[in-house]
Amino acid sequence: MDLEQEYVLQNYARYPLVLARGKGCHIYDVEGRRYLDFISGIGVNALGHAHPRILKVLREQAGLMIHCSNLYYHQYQGRLAKRLAEMTGLNRTFFANTGSEAMEGALKMAKSHGRAINPAKYEIVALENSFHGRTLGALSVTGQAKYRQDFEPLLPSVKFVAPNDEAGLEQAISGVTAGVVLEMIQGEGGICPLNPSFVQKARELASLFHALVIADETQCGVGRPGTYFAYQRSSPPALPDIVVAAKPVACGLPLGFIVANSKAAAAIRPGMHGSTFGGGPLACRVALEFLDILDELLPAIQRVGGYFHVSLNELARKHGFVKEVRGFGLMLGVDLAMPGKQIVLDAMAEGLLINCTHDTVLRFLPPYIVTEKEVDQAVKIVGKLFARI
Ligand SMILES: Cc1ncc(COP(=O)(O)O)c(C=O)c1O
């Protein structure tokens with residue numbers, strides 16, 4: 001901690017905890033203290049820690065080839081892209097490393113798509129309270145002043161609409177709109193799902209004006225909501241043109257992707273986009289293994305997520321300062337009438353890792369392997385802390 005204080009850029013407000021290793025849903029600090037991990041590296045460690053099947057393919061592939069660049073083919077990128085096409089209903093993938101990088105690719109796709117129709121068709125419609133990453137393009141469509149203000153002016157021609165404001169969408173989307181960016185469950189914004197009718201409206205207007213719908217599923221996608229993607233929760237789903245995802249897809253290795261339909265994919269031709277590390281053999285092979293396991297886990301995510309939601313609601317009924325419990329599957333938030341930071345610190349002292357987003361929302365993103373018993377343990381700790389307030 002002292003070395004970081006002296007030598008590392010002071011951009012993170014870290015908790016005073018040095019972690020060393022993990023197993024399943026538990027993680028241990030350097031002194032050997034055990035914590036129940038209900039934040040999973042902010043939604044990354046989908047299978048918890050040291051999952052035997054992930055370890056096996058990691059070890060095997062690391063001994064064969066970690067990286068070969070996108071100058072050449074390897075055996076896993078095409079297979080993974082096929083898998084993602086089957087999962088999304090879209091047909092072409094670009095591999096990146098992070099959510100922000102994937103978002104940049106999606107924005108470039110939308111801009112190039114618009115420009116091919118009309119050079120003045122470059123506007124992006126995005127949502128207030130959203131978060132899409134820290135790079136300049138992703139920041140430009142992020143609808144929260146605290147992330148943007150020190151870096152303005154950002155990309156011009158981004159219009160922001162309040163989430164679930166259908167009339168606002170009607171005003172904002174027009175013939176000069178190239179893309180409409182939707183974070184299906186706003187994560188950093190406080191676990192706020194978009195209404196299905198709002199998503200449907202965005203889809204209809206985008207189709208009418210030949211704009212692309214970009215679903216940012218970086219935090220809420222790839223199994224976490226109990227379906228592959230959050231946009232698939234409504235039936236029939238409003239299919240986006242581009243899906244952006246990252247966090248859990250390679251269980252802790254950096255891997256992000258965009259999957260696009262033919263219309264959107266046609267906007268990127270050879271030489272127009274790329275990434276040195278994106279889609280390497282190690283990350284792709286781990287992702288393939290993860291997706292096999294995910295198919296087996298989806299019913300459990302729905303079941304345990306539902307149980308967790310009910311348990312948090314029971315807690316909410318006992319404490320007047322809980323305003324709302326929100327979310328789906330294993331992406332849940334408890335909105336409080338006061339800041340949640342101290343509760344996060346107190347939970348850590350009790351052996352539970354969670355975090356607080358949007359100042360007042362306790363955020364729970366446990367690994368997909370979490371059990372009802374572990375949910376009971378976490379809820380018991382939160383209940384104990386609430387009772388002290
Ligand atoms: C919805 C969403 N989009 C994009 C990002 C950026 O992802 P990354 O930090 O991997 O660049 C995040 C990160 O939290 C996110 O939640």
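Our subject is the structure that appears above.
Read on for a plain summary of the structure.

Things to note about the overall build of the chain
The helix and strand tally for the chain stands at 13 helices and 17 strands. In terms of C-alpha radius of gyration, the chain reaches 21 Å, essentially the compact-globule figure of 21 Å for 389 residues. Its C-alpha atoms give the chain principal-axis dimensions of about 60 × 55 × 45 Å. Counting only residues that meet the buried cut, the chain has 56% of its 389 residues in that class. Expressed as a percentage of contacts within the chain between residues at least 6 apart in sequence, the contacts between residues at least 24 apart total 73%.

Brief notes about the sheet that holds strand β13 (residues 322–328)
Judged by pairing direction, the sheet is antiparallel, and its 4 strands sit side by side in the order β13-β14-β17-β16 without closing on themselves. Whereas interior strands pair on both sides, the edge strands pair on one side only; in this sheet they are β13 and β16 (355–357). Taken pair by pair, the neighbouring strands of this sheet meet at an average axis angle of 30 degrees, ignoring direction. Here β13 runs beside strand β14 (residues 331–336); their pairing, made up of 6 bridges, is antiparallel. For G327, the partnering residue across the bridge sits in β14 and is L332.

Section: the site of the ligand
The full set of residues close to the ligand is T98, G99, S100, F131, H132, G133, E183, E188, D216, T218, Q219 and K247. Between the ligand and G99, the relevant distance is 2.9 Å, taken from an oxygen atom to a main-chain nitrogen or oxygen of the residue. A distance of 2.7 Å separates a nitrogen atom of the ligand from a polar side-chain atom of D216. Coverage of the ligand by the protein chains reaches 83% of its 390 Å² of free accessible surface.

As for the packing of helix α11 (residues 281–318) against helix α13 (residues 372–388)
Across the interface, α11 lies against α13 with an axial gap of 10 Å and an inter-helix angle of 20 degrees. By the criterion of interaxial angle, the relationship of α11 to α13 is roughly parallel. Crossing of α11 over α13 shows right-handed handedness. Here α11 contributes R303, V304, Y307, F308, S311, L312 and L315 to the contact with α13, which in turn contributes E372, V375, D376, V379, V382, G383 and F386. In terms of residue class, the contact of α11 with α13 is built from 9 nonpolar, 2 polar and 3 charged.

Looking at the environment of K108
Tracing the backbone shows K108 in helix α5 (residues 99–117). Residue K108 is classed as partly exposed on the basis of its relative accessible area, which comes to 38%. Along the sequence, K108 and K159 sit 51 residues apart, while their C-alpha atoms lie 17 Å from each other. Beyond its immediate stretch of four places on either side in the chain, K108 contacts I268, M272 and H273.

Some thoughts on the layout of surface pockets
Looking at the second largest pocket, its volume works out to about 600 Å³. Contributing to the lining of the second largest pocket are 23 residues, with Q77, T93, F94, F95 and I268 lying nearest its centre. Of the residues belonging to the lining of the second largest pocket, the class tally is 10 nonpolar, 11 polar and 2 charged.

Looking at the nonpolar core
Grouped together as the largest cluster of nonpolar side chains are 98 residues, with contacts concentrated most on F38, L182, F290, F364 and F386. Here this core takes 17 residues from α11, the largest share from any one element. Ignoring sequence-local partners within four residues, the contact set of F364 consists of F38, F308, L312, L330, M331, L332, V334, I354 and V382. Judged by nonpolar contacts, the second largest core, of 23 residues, contains A96, I124, V181 and I242.

Notes on α5
The terminal C-alpha atoms of α5 lie 27 Å apart, and with 19 residues this matches the ideal 27 Å at 1.5 Å per residue to within 8%. Buried residues of α5: G99, S100, A102, M103, G105, A106, L107, M109, A110, S112, H113 and G114, and no others.

A few points about the side chain of N45
Following the sequence through the fold, N45 ends up in the loop between α2 (40–43) and α3 (52–64). Among the residues examined, N45 registers a relative accessible area of 16% and is labelled buried. When sequence neighbours within four positions are dropped, the list of residues in contact with N45 reads D37, S40, C251, G252 and P367.

So, the pattern of salt bridges
One pass over the full model with this rule turns up 20 salt bridges. R53 is paired through a salt bridge with E296; the nearest N and O atoms lie 3.7 Å apart. Of the two residues, R53 sits in helix α3 while E296 sits in helix α11, which places them 243 residues apart along the sequence. For the salt bridge of K159 with E123, the shortest nitrogen-to-oxygen distance reads 3.4 Å. Highlighted residues: K159 in strand β6 (residues 158–161) and E123 in strand β5 (residues 123–127), separated in sequence by 36 residues.

Rules and cut-offs
- Residues numbered from 1 in each chain as written.
- Predicted model: local features only at pLDDT ≥ 70, side-chain atom pairs only at ≥ 80, totals over all residues.
- Heavy atoms only, no water.
- Helix = DSSP H or I, 4+ residues; strand = E, 2+ residues; numbered from the N terminus.
- Rg over C-alpha atoms; globule rule 2.2 N^0.38 Å.
- Buried < 20%, exposed > 50% of the residue type's maximum accessible area, 1.4 Å probe, protein only.
- Contact = heavy atoms within 4.5 Å.
- Pairing = 2+ DSSP bridges.
- Axes fitted to C-alpha atoms, helices over the stretch in contact; angles between N-to-C directions.
- Near = heavy atom within 4 Å.
- Polar contact = N/O pair within 3.5 Å; in protein donor to acceptor, adjacent residues only side chain to side chain.
- Areas by Shrake-Rupley, 256 points an atom, 1.4 Å probe, with all protein chains shown as cover.
- Parallel < 35°, antiparallel > 145°, perpendicular 65-115°, else oblique.
- Left-handed = near helix turned anticlockwise from the far one by under 90°.
- Nonpolar A, V, L, I, M, F, W, Y, C, P; charged D, E, K, R; others polar.
- 1 Å grid on protein atoms, 1.4 Å probe; cavity = no way out; pocket = protein on both sides within 12 Å on 5 of 7 lines; lining within 4 Å.
- Points joined across faces, edges and corners; volume = space filled by probe spheres on them.
- Core = buried A, V, L, I, M, F, W, Y, C linked by side-chain atoms within 4.5 Å.
- Expected span 1.5 Å × (residues − 1).
- Salt bridge = Lys/Arg side-chain N within 4 Å of Asp/Glu carboxyl O.

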